[in-house]
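Breakdown of the fold
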Number of protein chains: 2
Amino acid sequence: MALIVQKYGGSSLESAERIRRVAERIVETKRQGHDVVVVCSAMGDTTDEFLELAEKVNPVPPAREMDMLLTAGERISNALVAMAIDSFGAEAQSFTGSQAGVLTTERHGNARIVDVTPGRVQEALDKGRICLVAGFQGVNRETRDVTTLGRGGSDATAVALAAALHADVCEIYSDVDGVYTADPRIVKNAKKLDRISFEEMLEMAAVGAKVLMLRSVEYARAFNVPLRVRSSYSADVGTLVSGSMEDIPVEEAVLTGVAHDRSEAKITVQGIPDNPGEAAKIFRAVADAEINIDMVLQNISKLDSNRTDITFTCPREDASRAMQILKGMSADWQDVLFDDHVGKVSLVGAGMKSHPGVTADFCEALRDAGVNIELISTSEIRISVLIRDTELDKAVRALHEKFQLGGEEEATVYAGTGR
Amino acid sequence: MALIVQKYGGSSLESAERIRRVAERIVETKRQGHDVVVVCSAMGDTTDEFLELAEKVNPVPPAREMDMLLTAGERISNALVAMAIDSFGAEAQSFTGSQAGVLTTERHGNARIVDVTPGRVQEALDKGRICLVAGFQGVNRETRDVTTLGRGGSDATAVALAAALHADVCEIYSDVDGVYTADPRIVKNAKKLDRISFEEMLEMAAVGAKVLMLRSVEYARAFNVPLRVRSSYSADVGTLVSGSMEDIPVEEAVLTGVAHDRSEAKITVQGIPDNPGEAAKIFRAVADAEINIDMVLQNISKLDSNRTDITFTCPREDASRAMQILKGMSADWQDVLFDDHVGKVSLVGAGMKSHPGVTADFCEALRDAGVNIELISTSEIRISVLIRDTELDKAVRALHEKFQLGGEEEATVYAGTGR
C-alpha cells in the first residue's frame, strides 16, 4: 500500500462529465489499496472568467482581494470532485489550502510555500478517507490572509503536500500523457520517455517543455518526491521523473529531448561605451523591474569605436516594459533595438557530458536545415540557440532526427496544460 | 458617527455594473463619517448554477461538500465588492465567514449561528477600513468545517454581526424599498410603512411578507438591533423595524398590513378514530420528517360515527413527502386528502388588541368579496385564513380597502429578494 498524491489540471475538470471521470480514476486508485490525496486546479475557464469580472469592477484590483476571488475557483472544483467520489461509494473530504496547512509568504498573487502542516489531512487519511486539497492557494503566516501561488501553483501544492506527507509518488494529470523527446505536434515520431532524472527535467522545463512547471520540479527534487506525468484520459503509466542524473551509468546516459520556446523577445543595446559597469547598469535596471533575463550575449568591442553591443532575451510580455526602461535611461548608448520574431530551440540530456561531439553535431544539423543561429547558450547538459521563430519547427525536426530521438510510432498529439 | 452594517442581496450584485453601484453607496456612507461593515450575498444566479453543477456530479451530494461549494459564491461577490470600493478610493478588506468569527452549529446546509467573535473585523474597522463579510456562511466549532446557514442566511449574518459589533443599525438592501401594507403588485395604493415594531414584523414575515426572513427578525429582536429595509436603487430611507409593540401608545396602535402566502398545501386526514393520541400520532410522524406544520384544524367528531377529521397546512415542497408518510402509516383512517390550490391571507397589527371588532370586519370583508373561508387561525395581533388560491388577490384587495390601509399614491412595484 502506497500513499499517492494526484494533481488534476483545469482542462481535466472542465465539465461535470470530466469531473466524474476523474473521480472514477481516484476511486480506482483507492480501491487498489492506496491512500490518496488529490489536488485540483480550478475548472476549465473559471480563472479567466474571474479575471475578466475583476477587470470590469476595478482595472487595478488590490492583490489581497484578487486572491480571495481566485481561490474560490479551486474550492468549487474540489467540492465537486468530492461529491463525485461520494457518488462512486468512497468517502471523501475536501480541504481549503488553509485547512490543509499550506503556509505561504505574504506576497499576494505570487506567494511561495514556506511550510505544509497537513495534520487535518493526515487525520482524514487515517480514517480511510480520500482527501481533496484546493491547489494554488495557501494562507500567509502573519495575517492569516488567503494567498495564491502564481503560475504552476497547483503543481507546487501537490508536490509540497507529497513531501510533507512522505508520499510515495506525486502524479501530475493533465491532457499530456508524459514527457516527450519533442513536441509531438511538431515532430510526428516524438517518443514518450519512460523515465527522466530531475536535472534533465529541470533543463527541459526551463527551456520550454510545458508539461511541468520549473518550480514544482525544483521542489520535487529538493524533497526527493518522485513525480509521474500522466494523462487523465488514458491508462498509460506516463513518465516517471525521479532520481539524480548521477545515478545513471555513463554508458546508458543519452540525450533526453528537444524543447522549444516561442515566448521570448530579444533586446539589443547598441553602442555601449566599453567601460566597466555599463553592463551592470543595464541588468540592474531590468532586474529592479522584476523582469527575468534568459540568454545574454556581449560582443567584443570593435577596435576603432571602443563601443560594444549587449543582447539579451526576456519574456515577450515584459519586453515592452524593458524597452521603456532602457530607452528612458540617461546613458550614452547609440540605440536600443527590439525583436520579438525569435524562437529558442534546445537539446537536453545527461549524455551530453560523455559525448564531446554534441555541440558540433547540433550546429551542423541546423546548418544543413538552413537555419541561422543568432545566440548560443549552454549548460553542462543543455545547448540552446536563438533563431528566427519562423524556422523553429524546422529546427526542432532537424535536431530530433540528427540525434535519433524518435520512436517508430507516431505520437499522440498533446495540448497545453492548465495552471 | 455611527457603526452601520449593510447587507446586499444577490440581485443587487448580479453584474459588474451593479457591484460598482453598490460600492459607490457603501463609500458614500463611509464618507459621511460612519464605520461600515458590509455583508454580501452571492451574485445573482451563482447559487443556482452551483446547485445545477452539483446535481450533475452527484444527485445526492454530501452536505459538507455542498457547503464548501456554495460558500465560494459569497467569497466571489465580497472580493469583487472590495475591489470596486478600492476603485472609488476607499480602503476595503473582505473576510470569509470563518475569518469574521461566525461560529455555527454542526449541521451542514442549515446551520445556526451560535456566536460571533469579530475580532479581526473590529481591528480592520479601527484602521478605518470598510469591512466586507461573506454572508450565508460560518465555521462550526467542533471540526472547523465550513457551514452554510440556509435560507435567509445572509440576513442572519448581517444581524448577528450587527449585534456582536453593537452596531447602531443593520440596513437590509434589496430591490424592495421597504415594508408595505400589502404587496404593491396586487394592491395599487399599498403604502410603505415608515416604522414597524419587531412583533408586527415577525407576524408579517411569518405569514408571507418576503421582504425579511423570519429568523433575522427574531435575531434582531432578541439582540435589539434596529433594522432598516431599503432599496439598492433609490435614496429612500425605507422602513425602520425597531422597538416593541408595547412602546406604541394604545391610541396610535394601528393595523400594519395584509400579507399573503401561496407556498402552502393543505392535507386532510379523514375518519380518524376519536381516541386520545390519534392526533399526536399524525403530528409526530410529520415532525420526525422535519416538515413544519402551519395551520391546524380538527373538526369535532360526528355523533353517529365516533370519527373525526384533521386538516393542516405545510410548505408545498414538503407536501408530497408528508402524504407518502401518512399514506404509509398503518392507522385506521378512512382517507388522506391533498390540496395545493390554497392560499393564505393575513391581517397583522398591534391595533388589533384594542379594536374588538376586527375579526368580524375581516370576515365580512371576505364575505362581501364572495370569498369562502376554509380555515381560520389567529394570534394576539394577527388573523389568518385559508382560502382558494385563485381568490387570493381579490381577498388581499378587499381587506386592504376595508381596513383603510392604502395611501394616496400608487406604490412602486417590487420583486422578490435574494437569500
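Cut-offs applied
- Residues numbered from 1 in each chain as written.
- Chains lettered and ligands numbered in written order.
- Predicted model: local features only at pLDDT ≥ 70, side-chain atom pairs only at ≥ 80, totals over all residues.
- Heavy atoms only, no water.
- Helix = DSSP H or I, 4+ residues; strand = E, 2+ residues; numbered from the N terminus.
- Buried < 20%, exposed > 50% of the residue type's maximum accessible area, 1.4 Å probe, protein only.
- Contact = heavy atoms within 4.5 Å.
- Areas by Shrake-Rupley, 256 points an atom, 1.4 Å probe, with all protein chains shown as cover.
- Lys, Arg positive; Asp, Glu negative; His and termini not counted.
- Charge placed at Lys NZ, Arg CZ, Asp CG, Glu CD.
- Pairing = 2+ DSSP bridges.
- Axes fitted to C-alpha atoms, helices over the stretch in contact; angles between N-to-C directions.
- Phe/Tyr/Trp six-rings, centres within 6.5 Å; stacked < 30°, edge-to-face > 60°.
- Lys NZ or Arg CZ within 6 Å of the ring centre and 35° of its normal.
- Arc of directions from axis to C-beta.
- UniProt positions renumbered as here; feature names shortened; annotations may be inferred.
- Parallel < 35°, antiparallel > 145°, perpendicular 65-115°, else oblique.
- Left-handed = near helix turned anticlockwise from the far one by under 90°.
- Nonpolar A, V, L, I, M, F, W, Y, C, P; charged D, E, K, R; others polar.
- Buried area = accessible area lost by both parts, 1.4 Å probe.
- Salt bridge = Lys/Arg side-chain N within 4 Å of Asp/Glu carboxyl O.
- Polar contact = N/O pair within 3.5 Å; in protein donor to acceptor, adjacent residues only side chain to side chain.

**A word on the overall build of chain A**
- When you go through chain A residue by residue, the secondary structure sums to eleven helices and 20 strands.
- The C-alpha extent of chain A, read off along each of the three principal axes, is 80 × 55 × 35 Å.
- Counting only residues that meet the buried cut, chain A has 58% of its 419 residues in that class.
- In chain A, the proportion of contacts linking residues at least 24 apart, taken out of those at least 6 apart, comes to 76%.
- Carbon and sulfur atoms make up 47% of the accessible area of chain A, which amounts to about 17700 Å² in all.
- Computed over 46 positive and 64 negative side-chain charges, the separation of the two mean positions in chain A equals 2 Å.

**Considerations on the sheet that holds strand 4 (residues 102–104) of chain A**
Residue and element names in this part refer to chain A.
- Taken in spatial order, the four strands line up as 5-4-7-8 in an open sheet, and their pairing is mixed. Whereas interior strands pair on both sides, the edge strands pair on one side only; in this sheet they are strand 5 (113–116) and strand 8 (146–148). Geometrically, the sheet is characterised by an average inter-axis angle of 45° between neighbouring strands, direction not taken into account.
- Where strand 4 and strand 5 come together, three bridges link them in antiparallel fashion. Within strand 5, the position partnered with V102 by the bridge is V116.
- Along the sheet, helix 5 (residues 153–164) contacts strand 4, strand 5 and strand 7 (137–140); its crossing angle with strand 5, the most-contacted strand, is approximately 40°.

**Describing the packing of aromatic side chains**
- Taken as a whole, this structure holds six aromatic pairs over all chains when the rule is applied.
- Their ring planes at 25° and their centres at 5.0 Å tell us that Y219 of chain B and F223 of chain B sit as a pair that is stacked. With Y219 of chain B and F223 of chain B both in helix 7 (residues 214–223) and four residues apart, the pair spans about one turn of that helix.
- Here the guanidinium or amino end of R64 of chain A rests over the ring plane of F95 of chain B, the centre of that ring lying 6.0 Å away.

**A few points about helix 10 (residues 358–368) of chain B**
All names here are of chain B.
- All buried positions along helix 10 are accounted for by V358, F362, A365 and L366. Taken down its axis, helix 10 places every buried residue within 95° of arc, on the same side. Exposed residues on helix 10 whose side chains face more than 90 degrees from its buried face are R367 and D368.
- In this structure, the buried residues of helix 10 make contact with strand 18 (342–348), strand 20 (382–388) and helix 11 (392–402).
- Phi for G370, located one or two positions after helix 10, is positive at around 75°.

**Focus on the UniProt feature "binding site: ATP" (unreviewed entry) in chain A**
All names here are of chain A.
- When the UniProt feature table is mapped to this numbering, "binding site: ATP" (unreviewed entry) covers K7, Y8, G9, G10, Y180, R185, K210 and V211. Separation in sequence by 205 residues is matched in space for these annotated residues, since their most distant C-alpha atoms are 24.3 Å apart.
- Looking at where G10 falls in the secondary structure, it is placed in the loop between strand 1 (3–8) and helix 1 (16–31).
- Apart from residues lying up to four places away in sequence, G10 is in contact with S41, A42, M43 and G44.
- Relative to the assigned elements, V211 resides in the loop between helix 6 (198–206) and helix 7 (214–223).
- For V211, a relative accessible area of 8% gives the class buried.

**Quick word on the packing of helix 3 (residues 63–87) of chain A against helix 3 (residues 63–87) of chain B**
- One way to put it is that helix 3 of chain A packs onto helix 3 of chain B with a least axis distance of 8 Å and a crossing angle of 165°. By the angle class used here, helix 3 of chain A and helix 3 of chain B are roughly antiparallel. In this structure, helix 3 of chain A crosses over helix 3 of chain B, and the sense of that crossing is left-handed. Contacts between helix 3 of chain A and helix 3 of chain B involve E65, M66, M68, L69, T71, A72, R75, I76, A79, L80, A82 and M83 of chain A from the former and E65, M66, M68, L69, T71, A72, R75, I76, A79, L80, A82 and M83 of chain B from the latter.
- Tallied by class, the residues present in the contact of helix 3 of chain A with helix 3 of chain B amount to 18 nonpolar, two polar and four charged.

**Quick word on the interface of chain A and chain B**
- If you look at the interface, chain A gives 40 residues, while chain B gives 40 residues.
- Taken over both partners, the interface formed by chain A and chain B buries close to 3200 Å², and the fraction arising from carbon and sulfur atoms is 64%.
- The three residues of chain A that bury the most area against chain B are V57, R75 and M83 of chain A, which together make up 23% of that side's buried surface.
- Counting across the interface, chain A meets chain B through two salt bridges.
- Ionic pairing is found between R120 of chain A and D145 of chain B, a salt bridge with its closest N-O pair at 3.1 Å.
- Summed over the shared surface of chain A and chain B, the result is 18 residue pairs in polar contact (both at pLDDT 80 or more).
- Those elements giving two or more residues to the side of chain A that touches chain B turn out to be helix 1, helix 2 (46–57), helix 3 and strand 3 (92–95) of chain A.

**Quick notes on the sheet that holds strand 6 (residues 130–134) of chain B**
All names here are of chain B.
- The mixed open sheet is built from eight strands, whose spatial order is 3-6-2-1-9-11-12-10. What marks the edges here is a single partner per strand, and that holds for strand 3 (92–95) and strand 10 (195–196).
- Strand direction decides the pairing type here: strand 1 (residues 3–8) and strand 9 (residues 169–174), joined by five bridges, are parallel. Bridge pairing links K7 to I172 in strand 9.
- The strands touched by helix 1 (residues 16–31) are strand 1, strand 2 (35–40), strand 6, strand 9 and strand 11 (227–231); relative to strand 1, the strand with the most contacts, the crossing angle is about 175°.

**Focus on the pairing of strand 11 (residues 227–231) of chain A**
Residue and element names in this part refer to chain A.
- Counting buried residues along strand 11, four of its five residues qualify, which places the element largely inside the surrounding structure.
- The pairing of strand 9 (residues 169–174) with strand 11 spans five bridges and is classified as parallel. If you follow S174 over to strand 11, its bridge partner there is S231.
- The pairing of strand 11 with strand 12 (residues 239–241) spans three bridges and is antiparallel. Across the sheet, V229 pairs through a bridge with T239, a residue of strand 12.

**Considerations on helix 8 (residues 278–288) of chain B**
All names here are of chain B.
- When we look at burial in helix 8, the residues that qualify are E278, I282, A285 and V286. On an axial view of helix 8, the arc spanned by its buried residues comes to 95°, and they lie on one face. Exposed side of helix 8, more than 90 degrees from the buried face: R284 and D288 are the residues found there.
- Lining the buried residues of helix 8 we find strand 14 (264–273), strand 16 (307–315) and helix 9 (316–327).
- Just downstream of helix 8, E290 is the residue with a positive phi angle, here 60°.

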